[in-house]
Amino acid sequence: MNESTSNLTLPISGMTCASCVSHVEGALKELPGVDHVIVNLATNKANLVYDPKQAGLADMQRAIEDVGYSVPTTELTLDVRGMTCASCVAHVENALKELHGVKEAVVNLGLGTARVTYIPGLITTSTMKRAVREVGYEASERSEGADALDRERQAREEEIKRQGRNLIIAGAIGLIVMIGTFYEMLGPLKAFVPEFLSYKWVIGLLTTPIVFGPGRQFFTNSWRGLRHGVTDMNLLYATGIGAAYGIAVINTLFPKAGFGGEGATFFESAALLTAFIILGRWLEALTRGRTSEAIRKLMKLQPKIARIVRDGKEEEIPADEVEIGDLILVRPGEGIPVDGAVAEGYSAVDESMLTGESLPVEKKAGDNVIGGTLNKTGAFKFTATRVGKDTALAQIIKLVEDAQASKAPIQKLADWVAGHFILGVHMLAVLVFIFWFFFGYQLFFDPNSRFILSPYSLGEIGVFGFSLLLSVTVLVISCPCAVGLATPSAMMAGTGKAAQHGVLFKGAEAIENTSKLQTIVFDKTGTLTKGEPSVTDVVINDQLVVISKSDHWILNTDHLLHLAAIAEKNSEHPLGEAIVLGAEARGLVIGEAERFNSIPGHGVEAQVAGSAVLLGNRKLMRERHVDFTLLMAKAEALEADGKTVMFVAIGGQAAGLIAVADTLKEYTIEAIQRLHKLGLETAMITGDNRRTAEAIARQVGIDRVHAEVLPQDKAEEVKKLQALGKKVTMVGDGVNDAPALAQADVGMAIGSGTDVAKETGDVILIKDDIRDVVVALEVAKATMRKVKQNLFWAFIYNGLGIPLGAGLFYPFISLIISPELAGLLMAISSITVTLNTLLLKGFKPTIRRDGRPQRGAGESKSRFSPVAASSD
Amino acid sequence: MEYKRLEKEVARRSALIYLPVSFGAAILFYLAASLGGGYPPVARFGGMIWVGLLSLIVSMPIITSRVKRQARGQ
């Protein structure tokens, strides 16, 4: 996107299938200045990049409406205080109308209200209120106004209700029509059914309200599209239902007309076809919303009220009106309204909803808290640091929404196929009609032939009726609804599921690419390791007896570390700091040295409790003639493990060794083991020397090491792996590794915390837990598995259904598929796909499935506190 | 405004093509059915309408999008 272009996400209503997607995309792409459009059927949203100077919102709306769809708008009433005259009305109206996303604003001076018609998602109520405030008035939302989430749910519920109502009408009357049609076959049950229900004209009368009541939507929608030269699923349904009903009416009113006579009054076809299609629509509306449940759950996390403390008094205000710097009080069991830093108090906060971390996190003064998380135990006050769209929760929601609005490469192909499918099906319907009209009927028609799964005989149906029946069945059975839903529904469920576990995919393409990865490349420092040196080993010369002025004792590891820490206390060298921290971690109190002298480039010397302590490298000891022959083998072994060894002499004698190294993160080993279990190759890139790098790699189990690589050359190393034909992901901190993350097929930024908007990379791992790489891979693989299963079911259905519908097997079996059965199969295919996707809801990454974190497996022996001790 | 005018012009020019095309397909079907012999008038007329309708559905979006592309090119 360049500077002159903008990004926009528009909600669209009226789309039912993949062909609708291509129509809307086509209409928007034709607008001048619009150069990138992605329409998502599952989210009913269009994401576009456009030049605001060339195309406006009104042009886009018009283009969408011209192809038969609409941009839904919603209304909001604001209470406006402070207006006194007509000019106030104009001020407020103009202030609102100027906002991007507002279509209309009508201010009523008498009532003190502003009725705003706007496009949801493009503007928030707080922006409107701010705009009104900026021109000098006070504004607040009327309490009856529902928020965006409620409105979305409301719209979905209305659609479910509408289709449910249609289904009850079509289903109930359709059942009566079916009973009447098969009256003669009811046997003893005939006694319970009035005979008049079997009269053709009665069945016709019963079918008519189904076709023109619940079925009317297909005719009106297809006509709307046809007027603008577009064809969609509704046209398939309309032609199917219309043709079945038309023939039935003609054959009832004019049995001699030659369409098959009374034996071919397929009223039940029209009635049940309508009922089954509506059943499909109803189930789809019911289940489609559930695939996006995760994002809804995230949205629900946002508390609506914040309790701020002003001038020592508590005051409850809407959470979206909290400003940076406000002091907010949170009591046990309450949600945290915005992001901030704890000012006073202590508590444990459940952050699992955002980070996936199962254990509550302790919070004390100075710690950061995240809006949307839940305070568990204590009360505390915090200062708001990020509000509105800048909060972590808002960023995460935006990221997940953007990902759900994007398209995976596999989906682009499916959409292309589905988009061209309708035309292909109509062409096929012409060919099927022509074949059976001119050749098939004469060659193969058998008056005793029947419909599949029906005792109903085709009777004396004429050539036109028979050919039309097969042609209509092809139209109905070919509906590619399932193809259109297969990918986006799985992507929505997958991105939502990942977000629940603290893994954010920046797009559908990232999921698809992650599922194909072969090599996982880790940056070493800060990713595999903590990035700070710490004491790993303390080795003592157990033959040494220390004699000080006042005492003498046999040296142990704690004594050695204690003396070394006191000697290093005033040192600013990172290795010295590591020794001091190591001693403190063991509970040792670090006193002051009596005398301290730094020897630059070599070490330190100090006088501690009367003993002369010398601490430094091998060269220093050689210069001071301290003999370390006894400990040299151990020193070399430690160095071979990539550790830095410090030599300690007390009173001029070799006292011991202290090894310092960058330590592994808690779960590094476990993560690498799990990656290997998934059959993936692991690699490490580091600027460290080869010996250190290889030592770490050995300890962790990394397969491939790229050592002594300068930061700017990391991307080059990734490129080399890609040149070997591998699909590579780079896992790094997202800031220093940006070029390598960008070069990799998938860049994973780890440990970003919750400031996700700033992160580079295709996948963001919120927690600093390397096992989330495994979570990302598992979720991506599970999602793509669902996509492939869905596409398989969708295509296999059409692949088998179309030849069956076209009568390919009729010459051999004398059976054809009825339009209503075709309608039922079509509904089943969509439902199969959606239900299959819903199975993802039960997906759990293996690290969660295995219960509590396996500290033992991942814990390195080089963790900070349990320093390995040995004596020689 | 320019966009709307262009759309109208495209619709008019497209209709001048797809209507004759589908009408032609329907007539062709009728002639074939009549010359083939043995088909009752209802079948011939019914078939003609069905083929004409499907031809219209097929040709309309193809021709409209082609005409649109041409118009944009101009």
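## Quick look at the sheet that holds strand β3 (residues 45-50) of chain A
Residue and element names in this part refer to chain A.
And step 1. Spatially, the three strands line up as an open sheet ordered β1-β3-β2, and their pairing is antiparallel. Because the sheet does not close on itself, it has two edges, and the strands there are β1 (6-11) and β2 (34-40). For this sheet, the mean inter-axis angle between neighbouring strands, taken without regard to orientation, is 15°.
And step 2. Pairing geometry for β2 and β3, over six bridges, is antiparallel. Opposite N40, over in β3, you have K45 as the bridge partner.
And step 3. In the packing of helix α2 (residues 57-66) onto the sheet, contacts are made with β1 and β3, and the angle to β1 comes to roughly 40°.

## A word on the pattern of salt bridges
Residue and element names in this part refer to chain A.
And step 1. The final tally for this structure, using the stated rule, is 29 salt bridges over all chains.
And step 2. Across the pair R690 and E694 runs a salt bridge whose closest N-O atoms are separated by 3.1 Å. Note that R690 and E694 are positioned in helix α22 (residues 690-700) at a spacing of four residues, about one turn of the helix.
And step 3. The partner of D769 in a salt bridge is R771, with the nearest N and O atoms 3.0 Å apart.

## Remarks on the packing of helix α14 (residues 463-477) of chain A against helix α25 (residues 772-805) of chain A
When two helices pack together, their arrangement is given by the angle between their axes and by how far apart the axes lie.
All names here are of chain A.
And step 1. Relative orientation of the contacting elements α14 and α25 amounts to 170°, with a least axis distance of 8 Å. Classified by the angle their axes make, α14 and α25 are roughly antiparallel. On the side of α14, the interface is formed by L470, T473, V474 and I477, while α25 contributes Y797, N798, G801, I802 and G805.
And step 2. Residue composition of the contact of α14 with α25, by class: five nonpolar, four polar and no charged.

## What about the confidence of the model for chain A?
And step 1. Averaged over every residue, the pLDDT of chain A is 80; the share at 70 or more is 84%.
And step 2. Below a pLDDT of 50 lies the segment residues 852-872 of chain A, which in the model reaches 57 contacts outside its immediate sequence neighbourhood of four places, other chains included.

## Quick word on the side chain of K786(A)
All names here are of chain A.
And step 1. Relative to the helices and strands, K786 is located in helix α25.
And step 2. Notably, K786 is buried but unbridged: the nearest opposite-charge side chain belongs to E778, and the N-O separation is 15 Å.
And step 3. One polar contact links K786 to Q789, side chain to side chain, over a distance of 3.0 Å.
And step 4. Not counting the four nearest positions on each side in its chain, K786 is found in contact with A490, N836, T837, L839 and L840.

## Some words on the interface of chain B and chain A
And step 1. Contacts between the two partners involve 22 residues from chain B, matched on the other side by 29 residues from chain A.
And step 2. Note on chain B versus chain A: buried area summed over both sides is about 2,400 Å², and carbon and sulfur give 77% of it.
And step 3. In this structure, the connection of chain B to chain A is made through zero salt bridges.
And step 4. For the pair chain B and chain A, the number of links is three residue pairs in polar contact (both at pLDDT 80 or more).
And step 5. Broken down by element, the residue count for the side of chain B that touches chain A peaks at 15 residues, all from helix α2 (residues 41-73) of chain B.
And step 6. Among the residues forming the side of chain B that touches chain A, the class breakdown is 16 nonpolar, two polar and four charged.

## Examining the side chain of S198(A)
Residues and elements named next belong to chain A.
And step 1. Here S198 is to be found in the loop between α5 (148-181) and α6 (200-212).
And step 2. In terms of polar contacts, S198 uses its side chain to reach the backbone carbonyl oxygen of E195, at 2.7 Å.
And step 3. Once you skip the residues sitting within four places of it in the chain, S198 turns out to touch G180, Y183 and I203.

## So, the sheet that holds strand β15 (residues 374-375) of chain A
All names here are of chain A.
And step 1. Taken together, three strands build an open sheet; the order of strands is β13-β12-β15 and the sheet is antiparallel. Of all strands in the sheet, those bounded by a partner on one side alone are β13 (361-363) and β15.
And step 2. Pairing analysis gives three bridges linking strand β12 (residues 347-350) to β13, with the strands arranged antiparallel. Paired with V349 across the strands is V361, a residue of β13.

Calculation criteria
Residues numbered from 1 in each chain as written. Chains lettered and ligands numbered in written order. Predicted model: local features only at pLDDT ≥ 70, side-chain atom pairs only at ≥ 80, totals over all residues. Heavy atoms only, no water. Pairing = 2+ DSSP bridges. Helix = DSSP H or I, 4+ residues; strand = E, 2+ residues; numbered from the N terminus. Axes fitted to C-alpha atoms, helices over the stretch in contact; angles between N-to-C directions. Contact = heavy atoms within 4.5 Å. Salt bridge = Lys/Arg side-chain N within 4 Å of Asp/Glu carboxyl O. Parallel < 35°, antiparallel > 145°, perpendicular 65-115°, else oblique. Nonpolar A, V, L, I, M, F, W, Y, C, P; charged D, E, K, R; others polar. pLDDT = per-residue confidence, 0-100. Buried < 20%, exposed > 50% of the residue type's maximum accessible area, 1.4 Å probe, protein only. Lys, Arg positive; Asp, Glu negative; His and termini not counted. Polar contact = N/O pair within 3.5 Å; in protein donor to acceptor, adjacent residues only side chain to side chain. Buried area = accessible area lost by both parts, 1.4 Å probe.

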